[in-house]
Amino acid sequence: MFFRFLARSCEVKTLRYTVGVMLAWLAVVPLASAQQTTAEVPDTLDQATIDYLMDQPLNWMFGMNFMVVNPQDSLRSAYQSLDAPSVGYGLGFDVAYYFDPIPLAITGQFAVNFMGSGSYQRTEYRLESQNVHIPVTVGVRFQPNLMNTFFPYVEGVGGFSLFSTSAEVRPTRVDQNTTFTGPQPETNASWTYGIGAGVMVTLANIITIPDEVERVAIDVRFRYLRNTDVAIPAFQLDAGSYTIEQVLVPSPRMVMFNLGVIGHF
């Protein structure tokens, strides 16, 4: 009798123990699974993941740059005849598609260069002029990727340029025979082609968890551009009168220096 009671007590304890273990296991397994699932989406990146993301191609490039334009030969002489500066300054806007890891890019640029103003004065009149050069170009660029840090390139470009001169004639004295002419814009276009070389240097890499990366780079570039013949207005002030003439500038050339910031996306 005593042994039967002891056996039954052991069976009850064993059953309670088994049930308790099962309930504990059912409670722990979901918690462990949740912890494992959370661990699969880390809130930080290890070096291997960073290296992987850095090697992903960034195809689109957008940027803005400061430009210095140095006209050559006949074009320089034409601006000097307007008493304008020999060097211009402007802003350029770039867009490109980079076929990384293939070292090839298709580029486009729109720029506005202010070539300065000039002023002539005679006894009766004073002539003031404003000169603007607007190049619009597309190009093909050979651009290798060196360790995601240096991107040297050479390029060939083509497009068109607008040469705009706006002149305003003001009288220096007022009498009945004095005439006044407001701003008279003269704009001429020519085809543009040339070569360039430069380098992009990475300033910062921006990584967004889990898998986004962007790059900011400084861009230093030189371009040599040549244009087809273009007519530049020339203004002549004589005693009591003035004339505006179109002077043909054969094959105007210019050297351009660009310094800008480029974003890779």
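Residues numbered from 1 in each chain as written. Predicted model: local features only at pLDDT ≥ 70, side-chain atom pairs only at ≥ 80, totals over all residues. Heavy atoms only, no water.

(A) Examining the overall build of the chain more closely. A tally of regular secondary structure across the chain gives three helices and 10 strands. Looking at the chain as a whole, 32% of its 265 residues qualify as buried. Contacts in the chain between residues at least 24 apart in sequence constitute 68% of all its contacts with a sequence separation of at least 6. Accessible surface for the chain amounts to roughly 15400 Å². Of this, 65% is attributable to carbon and sulfur atoms. (Helix = DSSP H or I, 4+ residues; strand = E, 2+ residues; numbered from the N terminus. Buried < 20%, exposed > 50% of the residue type's maximum accessible area, 1.4 Å probe, protein only. Contact = heavy atoms within 4.5 Å. Areas by Shrake-Rupley, 256 points an atom, 1.4 Å probe, with all protein chains shown as cover.)

(B) Summary view of unusual backbone geometry. Cis peptide bonds are those with omega within 30 degrees of zero, and the linkage from Asp 100 to Pro 101 qualifies with 15 degrees. Mapping Pro 101 onto the fold places it in the loop between strand S2 (88-98) and strand S3 (104-121). The residue Asp 73 is not glycine, and still its phi comes out positive at about 50 degrees. When you line up the elements, Asp 73 lands in helix H3 (residues 73-81).

(C) The packing of aromatic side chains, seen in detail. In the structure shown here, the tally under the stated rule is seven aromatic pairs. Ring geometry for Trp 60 against Tyr 97: centres 4.9 Å apart, planes inclined by 75 degrees, an arrangement best described as edge-to-face. Of this pair, Trp 60 sits in strand S1 (residues 60-72) while Tyr 97 sits in strand S2, placing them 37 residues apart in sequence. Look at Trp 60 and you get partly exposed, because its relative accessible area is 42%. By relative accessible area, Tyr 97 is classed as partly exposed at 29%. Geometrically, the ring pair formed by Phe 66 and Tyr 89 is stacked, given 6.3 Å between the ring centres and 15 degrees between the ring planes. (Phe/Tyr/Trp six-rings, centres within 6.5 Å; stacked < 30°, edge-to-face > 60°.)

(D) Structural context of the pairing of S2. By the alternation rule, side chains of S2 split into Gly 88, Gly 90, Gly 92, Asp 94, Ala 96 and Tyr 98, which are all buried, and Tyr 89, Leu 91, Phe 93, Val 95 and Tyr 97, of which none is buried. By the bridge criterion, 10 bridges tie S1 to S2 in an arrangement that is antiparallel. Looking across to S2, one finds that Gly 63 is bridged to Asp 94. (Pairing = 2+ DSSP bridges.)

(E) View of the side chain of His 264. Along the polypeptide, His 264 turns up in strand S10 (residues 253-264). The class of His 264 is buried, set by a relative accessible area of 0%. Setting aside residues no more than four positions away along its own chain, His 264 makes contact with Leu 58, Trp 60, Met 61, Met 200, Glu 214, Arg 215 and Ala 217.

(F) Representation of the side chain of Arg 223 within the structure. For Arg 223, the position within the fold is in strand S7 (residues 212-227). By relative accessible area, which is 5% here, Arg 223 ends up buried. Polar side-chain contacts of Arg 223 include one of 2.8 Å to the side chain of Glu 155. When neighbours within four sequence positions are excluded, Arg 223 is seen to be in contact with Thr 107, Gln 109, Thr 137, Glu 155, Val 157, Ile 195, Gly 196, Met 254, Val 255 and Met 256. (Polar contact = N/O pair within 3.5 Å; in protein donor to acceptor, adjacent residues only side chain to side chain.)

(G) Molecular detail of the nonpolar core. Core analysis: the biggest nonpolar cluster contains 17 residues, and Leu 75, Tyr 79, Phe 163, Ile 232, Val 249, Met 254 and Met 256 have the highest contact counts within it. For this core, the secondary-structure elements that each account for two or more residues are S1, H3, S3, strand S5 (150-171), strand S8 (230-238) and S10. Considering each element in turn, this core owes the most residues, three residues, to H3. With near-sequence residues (within four places) excluded, Met 254 lies in contact with Val 69, Asn 70, Pro 71, Gln 72, Leu 75, His 133, Phe 163, Arg 223, Tyr 224, Leu 225 and Asn 227. Grouped together as the second largest cluster of nonpolar side chains are nine residues, Ala 96, Tyr 153, Ala 217 and Ile 262 included. (Core = buried A, V, L, I, M, F, W, Y, C linked by side-chain atoms within 4.5 Å.)

(H) Inspection of the environment of Arg 141 at higher detail. As for its position among the elements, Arg 141 is in strand S4 (residues 125-142). A sequence separation of 36 residues divides Arg 141 from Ala 105, and the C-alpha atoms of the two residues are 5.0 Å apart. In this view, Arg 141 contacts Met 61, Pro 103, Leu 104, Ala 105, Thr 107, Tyr 153, Val 154, Glu 155, Met 200 and Arg 221; residues no more than four positions away in its chain are not counted. At a separation of 3.4 Å, a polar atom in the side chain of Arg 141 contacts the side chain of Gln 143.

(I) Quick look at the pattern of salt bridges. Tallied over the full model, the rule gives five salt bridges. Between Arg 221 and Asp 219 there is a salt bridge whose closest N-O contact spans 2.9 Å. Across the pair, Asp 219 and Arg 221 agree in class, each one buried. Look at the salt bridges and you will find they share partners, linking Asp 94, Asp 219 and Arg 221 into a network. (Salt bridge = Lys/Arg side-chain N within 4 Å of Asp/Glu carboxyl O.)

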